[in-house]
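Take a look at the letters that make up each chain.
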Amino acid sequence: MILILLLVFLVGLFILKLVVISHEDWVMIEEKYFPANDRKGAEGITSGEVIDENKSDPSCSMKFDNGHTYNVDCDQYLDFNIGEKVKIVSIENNYVILRRK
């Protein structure tokens, strides 16, 4: 009986790990956006696309190959390159924390 209970507990932990901690994905950076001086929003480096931040002070953003665009700390992630694989560690208030391989 105890063995069956422990087995159910382990299966439950495995399912919890797969479902809950799935936000830690390896993704590739597709575009970097920096605040545009002459307009409201942020402008992409390679595409020139302007995204509207809907804020009074736009911040830096990154677009990833999973289709999401998140705000990032401009100073901390300045040396990350387009095409680089990074891991999304956490997402808080649409700000993402990344780490390299």
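Only a predicted model underlies this, so the values are computations on that prediction, with no experimental measurement involved.

Bringing the overall build of the protein into the picture now. Helix and strand counts for the protein stand at one helix and seven strands. Across the 101 residues that make up the protein, the buried fraction comes to 28%.

Next up on the list: the pattern of salt bridges. Summed over the entire model, instances satisfying the criterion amount to two salt bridges. Two residues, Asp 79 and Arg 100, come together in a salt bridge whose shortest N-O distance is 3.6 Å. Taken together, the positions of Asp 79 in the loop between β5 (69–72) and β6 (85–92) and Arg 100 in strand β7 (residues 95–100) put the pair 21 residues apart, joining distant regions of the chain. When its relative accessible area of 33% is taken as the criterion, Arg 100 is described as partly exposed. Of the charged contacts in the structure, one is a salt bridge between Arg 100 and Glu 84, with a shortest N-O distance of 2.4 Å. Note that Arg 100 is positioned in strand β7 and Glu 84 in the loop between β5 and β6, a separation of 16 residues in sequence. Glu 84 sits in the buried class, given a relative accessible area of 18%. Look at the salt bridges and you will find they share partners, linking Asp 79, Glu 84 and Arg 100 into a network.

So, on to the nonpolar core. One finds Met 62, Phe 64, Phe 80, Val 86, Val 96 and Leu 98 to be the most contacted residues of the largest nonpolar core, which totals 13 residues. Put simply, the parts of the chain that give this core at least two residues each are β1 (26–35), β4 (60–64), β5, β6 and β7. With sequence-adjacent residues up to four places away left out, Phe 64 is seen in contact with Val 27, Met 28, Ile 29, Glu 30, Tyr 70, Val 86, Val 96 and Leu 98.

Take the environment of Asp 75 next. Inspection of the secondary structure puts Asp 75 in the loop between β5 and β6. Using a relative accessible area of 70% as the deciding quantity, one classes Asp 75 as exposed. The sequence separation of Asp 75 and Cys 60 amounts to 15 residues, and the corresponding C-alpha distance is 9.2 Å.

Conventions used here
Residues numbered from 1 in each chain as written. Predicted model: local features only at pLDDT ≥ 70, side-chain atom pairs only at ≥ 80, totals over all residues. Heavy atoms only, no water. Helix = DSSP H or I, 4+ residues; strand = E, 2+ residues; numbered from the N terminus. Buried < 20%, exposed > 50% of the residue type's maximum accessible area, 1.4 Å probe, protein only. Salt bridge = Lys/Arg side-chain N within 4 Å of Asp/Glu carboxyl O. Core = buried A, V, L, I, M, F, W, Y, C linked by side-chain atoms within 4.5 Å. Contact = heavy atoms within 4.5 Å.

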